Structure formats: C-alpha cells, structure tokens
Amino acid sequence: MILAAAKLATPNVNWLAVAPEIALAGAAVLIVLLRALVRRSRLVYPSALFIAFAGVLVAGGLLVPQWNKVQNHGAITTMAGMMRVDGFGVFLGGVVLVSTVLALLLAASYLEREGLEGPEFLALMLLSATGMLAMTTANDLIAIFVALEVLSIPLYVLAAFDRRRLTSQEAGLKYFVLGAFSSAIFLYGVALTYGATGTTSLTGIANFLAANTVLDEGVLLAGFALLLVGLGFKIAAVPFHMWTPDAYQGAPTPVTAFMASATKAAAFAALLRVFLVAFPLYRDDWQPAVWVLAALTLIVGSVAAVMQTDVKRMLAYSSISHAGYILIGFQAGTARGREAALVYLLTYAFMTIGSFGVVTLLGARDDRHSIGDYRGLSGRQPVLAGFLIFFLLAQAGVPLTGGFIAKLGVFAAAVDAGSYALAVIGVLAAVIAAFFYLRVVFAMFTRSDGDVGTATPARAARTIDLGSGAVLAIAAAATLVIGVVPGTLLQLARDATFGRLF
C-alpha cells in the first residue's frame, strides 16, 4: 500500500517536453566519458566536437515537434507544473541553441589555436546550455533557481578556462563571487514570495493573488524586488552590471560570445515569465522599477562604452546597453512589447556573435584587442574588416539591418504604452552608441606607423578557418535578412507570445 501510494504521488513526465535538455546533457556526459576512457588518442577532440554538434542539432530538431504541438494543442505542462513548454519557451530555446552552435563553431578552431583542453570546454558549454534551455520553460521559482545554477556554474569555469592568462582567472573569479551573491539574493526573493503566497509556482502565485487580497504587501513587494535584482545580474542591467566588463574582457572570446547571446536570452526568458505570469496584477508596482533599470542601463552602457579603449570591453558595455533596449519592451507590458523583446534577443544574438567572431580571429593569444591593434585592418584584412563594420553598424541600428528592426520594435512598443520619455532616452542612447561604433570603424581605416601591435593581429588572422567563416557568414546573412524581410521573424514572435501564458 505504501509503495502504491508513493507511485501515485510521483509526477508524470512528458518526455517530449524535456527531450532537448536530455539531448544536451546526454551529449555532455558522453564527452566526459570519452575523455575519461580515451585519454591519449588524437581522435578524442574531433569525436567530442562531433558529439557536441550532434547533441545541439538533435535538441534543435526536437524543438520543431514542440512548436507544432504547442501551436496546435496548447502548452505542454509537466513535472507537476514546474515546466511549461509553450511558444514563448520554444522560441527562446531556439535562440539559445542557435547561439550555442555558433559559439561551438567559434570555439572549434580557437581551442586548437590556443592549445586549450577541448573536450572539457565542450562539455561545460553543453551543460550550461542545458540550464539555459531549462530556464526558458521553467514555471516554478525553484525550477528557475536550479536552472540558474546549472547555467552559471559551468560558465564560471569557462570564463577562467585559459589558466595561462591572469585576466581569464580574474574574470572567472569575479563572475563567480558576484554570481554567488546574485543567486543568494534570488533565493531570498523566492523565500519571501513563498511566504507571501504559499507557493513557488508562477501560475499558482498568479491564481493566489487573483483570488485573495494581500493585507500586508511588504513581504510580497520585497520578494519580487529581490527576484528582479537576482535576474538583473544575469541580464547585466545597471546597477547590477559590475561583473560584465571584466568577465567579457578576460574570458576566452568564444565564451564571451556565448555569454553575451545565450545567457542573455535565458535570463530574459525567466525575467519576462516571472513578472508577466506571476505578478501581472502588480504591474503598477514593478513597472516603475523596470523603467528606472532600463533608463540607467541605456545611459550607463552607452556613455561608458565611449570611454573604452579595449574592443572587447567596449562590446561588453554595448551588451549592457542592448539589455536596456530589451527592458524597454519588457517595461511596456504589452503584447507588442513582448514581441519586440523576442525579436531583439534573436537579432542581437546574431549581431554579437558575429562581432565577437571577428574579435576571436584578430586576437593574438586572445589578449590584443585595443583599438590601436585594429588600425589599418581594412588594408591588411579587408574581409574581416568588412564583417566587423557590418556587425557594428547593425548594432548601431543602421537601416536594412536587423538592428534597425529590433530597435524600431522596442521604440514602437514604448510609444504605444505611453513611455515616451523612455523611448527618447533609447534614441539618445542609440546616437551615443553610433559614435563609439564608428570609432572602431574609423580606426580600421586609419594607419599609424607609431601604433605598436599592428603586426600581431595581421599574423593572427592570416586565414579564416572554416568554422569561423561559417559563423561570420551565417550571422551576417541572418542580420541582413532580418533587416530586409523581417516579416517571418515578426510572425514567429507574434505566434510565440499568443495564448494564455501572459
């Protein structure tokens, strides 16, 4: 009788709902086993690469039946409601997997060139991507916290993976210390929210608040304020951005590309789901806080980027300012704002991975990224210079690029929601951003015999390997297509946010 009761109490698992996470985690485990059992063979790294790409492609293939099912039959809820697979989660899961496969292509040649341990690197990246995928569909604060830790711990190691460089070790340590604080703050927010509502389920919280009047709202308000702080760290929103410049600058550049694109998508997935699903009735309380976060993130990210002389550090502050644009869509709290946020996340993933792809090829031992090192690049490496100019102009929001469509979407959402001041701040931030992007472009067309380091990038990027070339071509093509014919992407984003989720 006891065993029967225990069996009945076990939650059912819809294996289609968790199949992408299983594919990624399974590939990571296979790589670890391969590395442990075959230690000296030259086939270990190529085999690990094959397993890594196979795992990501299988996971991506499993998103297709998920999308079809949720579009035709509604969301898939499993694990006692802790996971909810819907159009929103599948769309952002696709962003995570696209970012992962492009980062893997960048890392493939980078690891051999820098002499780093490949299998361990690949396994850690897949495990982190598993946490990101779980975050996009988590429907419970405990599930979000577990996914956040699965996402973060491998990233701490990846940031410090190049042990020969002190900047890499420093990046990993700073990221770890501040990440631990943010996780603790998030967990305190979960505890306070549970104390106020009696549940950690996002839909359960929404149902409780709809059916009951909370007499003492202090605990609840403190709870979702701490949740906002904890997730604000992961999206690199000001003033929780202090880790970003050092971590982005010191980490191996493929890791930086992975962090800037996939991590941001997963963190925004959790942020939007928590506040738009669990706390829609308290919109008047959290919208002003998000407004302030968006404004500060736009201003600080853009202004600080102007003062940087290191390209990776400049792109780190650029990433911070891009988070501010996505927060504009979130702050609007409308269907149009949610669609704009999704479009921005996918477009930004292509733009930032393309930019860091060029930086990966140009860096000599991944430590020569000052603007002076890029002087005369248009003459030495015209192809790479062309790619970098395109990606920088796209991030600036030049028409006929994806960056223009993304910015236009969040500005339109802000105006529709009546957030005119925030839209104006966003436009001014875009003007400032154009200045520091054009600084790099100008440097690439400027020659100076006194610039040291000019010859080093030329030697480092004499040829473009197949994987990196594929990344640059795919990212550039996607950025251009989104800018010229954005209709398909806009419709996908509309379908992803349609339904009872929000």
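Here, every reference points to the structure presented above.
Residues numbered from 1 in each chain as written. Predicted model: local features only at pLDDT ≥ 70, side-chain atom pairs only at ≥ 80, totals over all residues. Heavy atoms only, no water.

Draft legend 1. Structural detail: the nonpolar core. Core analysis: the biggest nonpolar cluster contains 178 residues, and Leu122, Phe275, Phe279 and Leu327 have the highest contact counts within it. Ranked by residue count, the leading element in this core is helix 11 (residues 253–278), at 19 residues. Leave out the neighbours within four places in its chain, and Leu122 touches Ile31, Tyr45, Ala48, Leu49, Ala52, Leu104 and Leu111. (Core = buried A, V, L, I, M, F, W, Y, C linked by side-chain atoms within 4.5 Å. Buried < 20%, exposed > 50% of the residue type's maximum accessible area, 1.4 Å probe, protein only. Helix = DSSP H or I, 4+ residues; strand = E, 2+ residues; numbered from the N terminus. Contact = heavy atoms within 4.5 Å.)

Draft legend 2. Broad picture of empty space enclosed by the protein. Here the structure, examined in full by the defined rule, presents 1 cavity of 30 Å³ or more. There is about 50 Å³ of room inside the largest cavity. Taken together, Ala17, Pro20, Glu21, Leu63, Gln66, Val85, Gly89, Val90, Gly93, Leu133, Thr136 and Thr137 form the lining of the largest cavity. Of all elements in the fold, only helix 2 (15–37), helix 3 (44–73), helix 4 (87–114) and helix 5 (118–137) reach the threshold of two or more residues within the lining of the largest cavity. By residue class, the composition of the lining of the largest cavity is 6 nonpolar, 5 polar and 1 charged. (1 Å grid on protein atoms, 1.4 Å probe; cavity = no way out; pocket = protein on both sides within 12 Å on 5 of 7 lines; lining within 4 Å. Points joined across faces, edges and corners; volume = space filled by probe spheres on them. Nonpolar A, V, L, I, M, F, W, Y, C, P; charged D, E, K, R; others polar.)

Draft legend 3. Representation of the layout of surface pockets in the model. Taken as a whole, the largest pocket spans an internal volume of roughly 450 Å³. Along the walls of the largest pocket sit 21 residues, with Phe91, Gly94, Val98, Leu346 and Leu492 positioned nearest its centre. Counting only elements with at least two residues in the lining of the largest pocket, the list comes to helix 3, helix 4, helix 20 (466–484) and helix 21 (487–496). Element by element, the count of residues in the lining of the largest pocket is highest for helix 4, at 7 residues. A class-by-class count of the residues in the lining of the largest pocket yields 18 nonpolar, 3 polar and no charged.

Draft legend 4. Representation of the packing of aromatic side chains within the structure. Taken as a whole, this structure holds 20 aromatic pairs when the rule is applied. Ring geometry for Phe224 against Phe279: centres 5.0 Å apart, planes inclined by 50 degrees, an arrangement best described as tilted. Of this pair, Phe224 sits in helix 9 (residues 218–234) while Phe279 sits in the loop between helix 11 and helix 12 (283–306), placing them 55 residues apart in sequence. Neither Phe224 nor Phe279 differs from the other in exposure class; each is buried. Taking the centre distance of 6.5 Å and the plane angle of 75 degrees together, the rings of Tyr248 and Phe356 count as edge-to-face. Taken together, the residues Tyr248 in helix 10 (residues 243–250) and Phe356 in helix 14 (residues 335–362) connect sequence positions 108 residues apart. Accessibility expressed as a relative area gives 2% for Tyr248, which makes it buried. For Phe356, a relative accessible area of 1% translates into the label buried. (Phe/Tyr/Trp six-rings, centres within 6.5 Å; stacked < 30°, edge-to-face > 60°.)

By themselves these figures say nothing about function.
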